[in-house]
Amino acid sequence: MKKILLIATGGTIASRKAENGLVPEIPMDQLLNYVPQIQNLCHMEAIQPVNLDSTNMQPTHWLMIAEKIRENYEKFDGFVILHGTDTMAYTAAALSYLIQNSPKPIVLTGAQKPIDQDITDARSNVIQSVIYACDDSASNVNFVFNGEVIAGTRGRKIRTKSFNAFSSVDFPHLAVIRENRVIHYICRKERDPFTCYDRLNDKVVVLKLIPGMKADILDYLGEHYDAVIIEGFGIGGIPNTQEQMFRQKITEFLDRGKVLVITTQVPLEGSDLSVYEVGRVFKEDERILEAYNMTLEAITTKLMWVLGCTDDRKRQKELFYKEINFDIYR
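Notes on the structure in this doc start here.

### Considering the pattern of salt bridges
Should the charged atoms of two oppositely charged side chains come close, the side chains can pair. Counted according to the given criterion, the structure contains 15 salt bridges. A salt bridge links arginine 156 to glutamate 297, with the nearest nitrogen and oxygen atoms 3.1 Å apart. Taken as a pair, arginine 156 in strand E10 (residues 155-157) and glutamate 297 in helix H8 (residues 296-309) lie far apart in primary sequence, 141 residues in all. A relative accessible area of 9% means that glutamate 297 is categorised as buried. Where lysine 208 meets glutamate 231, a salt bridge forms, and the shortest distance between an N and an O atom there is 3.4 Å. Of this pair, lysine 208 sits in strand E15 (residues 204-208) while glutamate 231 sits in strand E16 (residues 227-232); the two residues are 23 residues apart in sequence, bridging distant segments of the chain. Via salt bridges that share partners, Asp219, Lys249 and Glu252 belong to a single interconnected network.

### A few points about helix H2 (residues 59-72)
Between its terminal C-alpha atoms H2 stretches 20 Å, which fits the 20 Å expected from 14 residues at 1.5 Å a residue. Buried residues of H2: Pro59, His61, Trp62, Met64, Ile65, Ala66, Ile69 and Asn72, and no others. Each element contacted by the buried residues of H2 is listed here: strand E1 (3-8), strand E5 (78-82), helix H3 (88-98), strand E6 (99-100), strand E7 (105-109) and H8.

### Digging into the sheet that holds strand E9 (residues 148-151)
Here we have eight strands laid out as an open sheet, ordered E4-E1-E5-E7-E8-E9-E12-E13, and mixed in their pairing. Whereas interior strands pair on both sides, the edge strands pair on one side only; in this sheet they are strand E4 (43-47) and strand E13 (181-184). Direction aside, the axes of adjacent strands within the sheet are offset by 25° on average. Inspection of the sheet shows E1 paired to E5 by five bridges, in the parallel sense.

### Comments concerning the sheet that holds strand E17 (residues 259-264)
Strand pairing in a sheet relies on backbone hydrogen bonds. The paired strands run either parallel or antiparallel. Here we have four strands laid out as an open sheet, ordered E15-E16-E17-E18, and parallel in their pairing. Each having just a single partner strand, E15 and strand E18 (289-290) make up the two edges of the open sheet. Across five bridges, E15 lies against E16 in parallel orientation. Among the inter-strand pairings, valine 206 is bridged to a residue of E16, identified as isoleucine 229. Relative to the sheet, helix H5 (residues 217-224) contacts E15 and E16, its axis offset from that of E15 by approximately 165°. Of the strands in this sheet, E15, E16 and E17 touch H8, which is tilted by about 160° from E16.

What counts, and where the lines are drawn
- Residues numbered from 1 in each chain as written.
- Predicted model: local features only at pLDDT ≥ 70, side-chain atom pairs only at ≥ 80, totals over all residues.
- Heavy atoms only, no water.
- Salt bridge = Lys/Arg side-chain N within 4 Å of Asp/Glu carboxyl O.
- Helix = DSSP H or I, 4+ residues; strand = E, 2+ residues; numbered from the N terminus.
- Buried < 20%, exposed > 50% of the residue type's maximum accessible area, 1.4 Å probe, protein only.
- Expected span 1.5 Å × (residues − 1).
- Contact = heavy atoms within 4.5 Å.
- Pairing = 2+ DSSP bridges.
- Axes fitted to C-alpha atoms, helices over the stretch in contact; angles between N-to-C directions.

Have a look at this one:
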């Protein structure tokens, strides 16, 4: 049997009711007692570096999880990370950039209901994650949730309560798990060498446009952040009226050496700044990056990784547009 390291970080899956609501309190050894089946699937070892509601997960925690995987990489055949669902998409995307082209599977899962409840998705999600982590064709960073396998840069939480909480955005599922059997749809072949990174620059912020917003907010953001992601309208439209001054303020922001990415606030099908005038006038500035069909979680964490790698604008652009774990298609 394969050796799997389980890394517990808290989340709903490990929560109990407290005076002010659900709190991650179930210790790791008790949690594993609810899924004795995994003893027949693999040789399991487990660690619990933190026990957090995932709302409190920070980039420092992503680096810590990546470090735990690197420290134990040669000892195990795969890794399963138990994580809260609210920010799991960010963690999965961040790990996709911190640990690239892993020949061994790194699987994130969680639950919408605590594992100690009678009606819960927690037990099946844990079991299916271990099954996938033991599969000979599994590799790289993925979600396993509700029987579906999603690339780590493509998952997004789309439901707050239902068990089918996650969707693969603008990209097919990699596999499904049915009757404890993995059915692969996409078999990944890593083209680049296995590489790990240990730096992130978290001075990244998202600006979601609303009608009437004034562009002078970029003055403030430029003083406090190194990169701004603008969620434009439709397929990436940015107001170009004289009153709102976005063209001028974006130019000033870029002139300060900052990084700016334009994406869309529409959930599916991505951006295309070349279609309308309100996009094309911004696409003319080659310093502006376009996210195309990347998820917001992938854009955010990829920028943190890129900024942690280099200050060179040309190299930043190359890294941002490099496809990693299926994250971008132009």
